[in-house]
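Below are the chains, spelled out letter by letter.
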Amino acid sequence: MGFRIGIIRQASFSAAKATRTGLEVPKGYLAVYVGDKMRRFVIPVSYLNQPSFQQLLSQAEEEFGYDHPTGGLTIPCNEDEFLSLTSRLNEL
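Residues numbered from 1 in each chain as written. Predicted model: local features only at pLDDT ≥ 70, side-chain atom pairs only at ≥ 80, totals over all residues. Heavy atoms only, no water.

Here is the UniProt Sequence similarities (unreviewed entry) comment for the protein chain, exactly as written: "Belongs to the ARG7 family." (UniProt positions renumbered as here; feature names shortened; annotations may be inferred.)

Structure follows, in structure tokens:
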């Protein structure tokens, strides 16, 4: 994958990851699965409008189509690249 952006920080969106049952997604957020271990992240839906995130969505469509192995949206990149990208998006 071609995402090598900025410094890796797991900050604001990771706090939204944990809810009462661990599976709930707060309103305005979306659960995605990333990396070899299919780690679950809950991200703001506002990321969907960002060109860099849309590129990841296009890659997910090419790789998985609409059949995601986790039952949720699977992002085909490693965790470090994903965290780097979302860190940049948090700064916008």
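Now that the structure has been shown, we can carry on.
This part takes up the packing of aromatic side chains. Taken as a whole, this structure holds three aromatic pairs when the rule is applied. An angle of 50° between the planes, with centres 6.1 Å apart, marks the rings of Tyr47 and Phe53 as tilted. Both residues of the pair, Tyr47 and Phe53, count as buried. Among the aromatic side chains, those forming a connected cluster through ring pairs are Phe41, Tyr47, Phe53 and Phe82. (Phe/Tyr/Trp six-rings, centres within 6.5 Å; stacked < 30°, edge-to-face > 60°. Buried < 20%, exposed > 50% of the residue type's maximum accessible area, 1.4 Å probe, protein only.)

With that settled, the discussion passes to the nonpolar core. By size, the foremost hydrophobic cluster in this structure holds 13 residues, and its most contacted members are Phe53, Ile75 and Phe82. Those elements giving two or more residues to this core turn out to be β1 (29-34), β2 (39-44), α2 (51-64) and α3 (79-91). If one sorts the elements of this core by residue count, α3 sits on top with four residues. (Core = buried A, V, L, I, M, F, W, Y, C linked by side-chain atoms within 4.5 Å. Helix = DSSP H or I, 4+ residues; strand = E, 2+ residues; numbered from the N terminus.)

This next bit is on the environment of Pro44. Within the element layout of this structure, Pro44 appears in strand β2. Residue Pro44 is classed as buried on the basis of its relative accessible area, which comes to 17%.

Let us look at α3. With 13 residues, α3 extends 18 Å between its outermost C-alpha atoms, agreeing within 8% with the 18 Å of an ideal straight helix rising 1.5 Å per residue. All of the buried residues along α3 are Glu81, Phe82, Leu83, Ser84, Leu85, Thr86, Ser87 and Leu89. Capping the start of α3 is the job of one residue whose side-chain oxygen sits 3.0 Å from the backbone nitrogen of Asp80: Asn78. (Expected span 1.5 Å × (residues − 1). Polar contact = N/O pair within 3.5 Å; in protein donor to acceptor, adjacent residues only side chain to side chain.)

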